[in-house]
Amino acid sequence: MRHGRRLPPGQRPVEGFPRFGTHLSRPAPAVPADPVIEVRGAVTETFELPLAALSSLPRKEISADFHCVAGWTATDLRWEGVSFATFYRSHIEPVLTPGTSITHVACRGLDGWQAVVTIDDILGDDVLIAQNLHGLPLDSDHGAPARLVSPSQYGYISVKHLCRVELLTTAPANTEGPLLRSHPRGRVWHEERHGLVPGRVVRPVYRALIRPIRLLSARGASPTK
Ligand SMILES: Nc1nc2c(c(=O)[nH]1)N[C@H]1C(S)=C(S)[C@@H](COP(=O)(O)O)O[C@H]1N2
Ligand SMILES: [Mo]
C-alpha cells in the first residue's frame, strides 16, 4: 500500500502475498509443456490458443493491490502480461458466432476453479492475462503459467492457471448454494462479497476463514520457496 492510501471497505493489509484458494492443500496443477487457452462457447469453432501466441500482442503492466473476499489485501503487486481486452479484440471477437451478443465469460483454471465474469467487467482497463509478477514468471503458487488478474474485483475472479475461456450469451444458472454464494460482480469498492447478503454483514464470517484456508493453502505450496 502506498503510504496513506486507503483500502476498500472491510479489507486489511497482509504481509507478502499468500497462496490462497479452494485448492486448499492440494499442490498446484502441473504446467503443460505447451500450455494453451481453450476458447469455446459462442464461437464459430472451439479452438486452443497456444499461450505462446500472446507474445505477439502488446504487453501491459499494472501495479495494484489484490483483495481476497475473505478480507486480506496484498499490496502493490506488479503484474505483467496482456490486457484481456486486447486478447479479446484480437483473438475472440473475429470468431464469435455471427449475430450473438456476449454477456458473460466463464474462465477456468487447470485445477477446475471457475469464475463467471460479466463482459463489461472482464473488458475493464485493469484486467490482465498475467504471466509475470514482480518481473518473474508466475510461480505455481500464484497461477503458473498464466492467470486472470482483475484487481477491482475480489480475488475469486482472478482465476489462476487459466486454461479455458467460454463465451456466454446469458448468465449461467447458479451452481453455488445460498450459503457461500459469491457475488456475480464482486467489485471491491462496492463491497460486493456475497450474492445475497450485504458485504459488511458477511465480513466476520469470511474473516474467520482466512487463517485455516491460509494454513492449508501454504501446505500445498511449491517446495522450492
Ligand atoms: N485456479 C484457481 N484460481 C483461484 C483460486 C483457486 O482456488 N484456484 N482461488 C481464488 C481466490 S479465492 C483467491 S483470493 C486468489 C488467491 O490468489 P493467490 O493464491 O495467488 O494469492 O485466487 C483465486 N483464483
Ligand atoms: Mo479469495
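Residues numbered from 1 in each chain as written. Chains lettered and ligands numbered in written order. Predicted model: local features only at pLDDT ≥ 70, side-chain atom pairs only at ≥ 80, totals over all residues. Heavy atoms only, no water.

A.B. asks: How should the layout of surface pockets be read in this particular structure?
C.D. replies: The gaps left among the atoms become clear once a water-sized probe is rolled over them. Roughly 1200 Å³ of internal volume is contained in the largest pocket. If you trace the largest pocket, you find 47 residues lining it, with Trp113, Gln114, Tyr156, Glu176 and Ser182 closest to the centre. Those elements that place two or more of their residues in the lining of the largest pocket are β6 (104–109), β7 (114–118) and α3 (199–219). (1 Å grid on protein atoms, 1.4 Å probe; cavity = no way out; pocket = protein on both sides within 12 Å on 5 of 7 lines; lining within 4 Å. Points joined across faces, edges and corners; volume = space filled by probe spheres on them. Helix = DSSP H or I, 4+ residues; strand = E, 2+ residues; numbered from the N terminus.)

A.B. asks: Even after reading the chapter, I still don't get unusual backbone geometry, so can you show me in this structure?
C.D. replies: One can expect most non-glycine residues to show negative phi and most peptide bonds to be in trans. Omega for the peptide link from Ala144 to Pro145 comes to 0°, which places this bond in the cis form. Structurally, Pro145 can be placed in the loop between β9 (136–137) and β10 (147–149). Positive phi, close to 50°, is recorded for His161, a residue that is not glycine. Position of His161 relative to the elements: it lies in the loop between β10 and β11 (162–168). With relative accessibility at 1%, the residue His161 sits in the buried group. In this structure, Glu191 is a non-glycine residue whose phi angle is positive, near 50°. Tracing the backbone shows Glu191 in the loop between β11 and α3. A relative accessible area of 9% places Glu191 in the buried class. (Buried < 20%, exposed > 50% of the residue type's maximum accessible area, 1.4 Å probe, protein only.)

A.B. asks: In this structure, what is going on with the sheet that holds β6? I would like to understand it.
C.D. replies: Whenever strands of a sheet pair, they do so through backbone hydrogen bonds, lying parallel or antiparallel. Here five strands make up an open sheet; going across it, the order is β3-β2-β11-β6-β7 and the pairing mixed. In the strand order of this sheet, the two ends are held by β3 (47–50) and β7, each with one partner. Sheet twist, expressed as the average angle between the axes of neighbouring strands with direction ignored, equals 20°. The pairing of strand β2 (residues 36–41) with β11 spans four bridges and is parallel. Pairing of Gly41 across the sheet is with Leu167, part of β11. Against the sheet, helix α1 (residues 84–92) touches β2, β3, β6 and β11, its axis set at about 65° to β11. (Pairing = 2+ DSSP bridges. Axes fitted to C-alpha atoms, helices over the stretch in contact; angles between N-to-C directions. Contact = heavy atoms within 4.5 Å.)

A.B. asks: I tried to follow the UniProt feature "domain: Oxidoreductase molybdopterin-binding" (unreviewed entry) in the chain on my own but got confused; where do I start?
C.D. replies: When the UniProt feature table is mapped onto this chain, "domain: Oxidoreductase molybdopterin-binding" (unreviewed entry) is found at residues 35–172. The span residues 35–172 is 9% helix and 43% strand, and its two end C-alpha atoms sit 27 Å from each other. (UniProt positions renumbered as here; feature names shortened; annotations may be inferred.)

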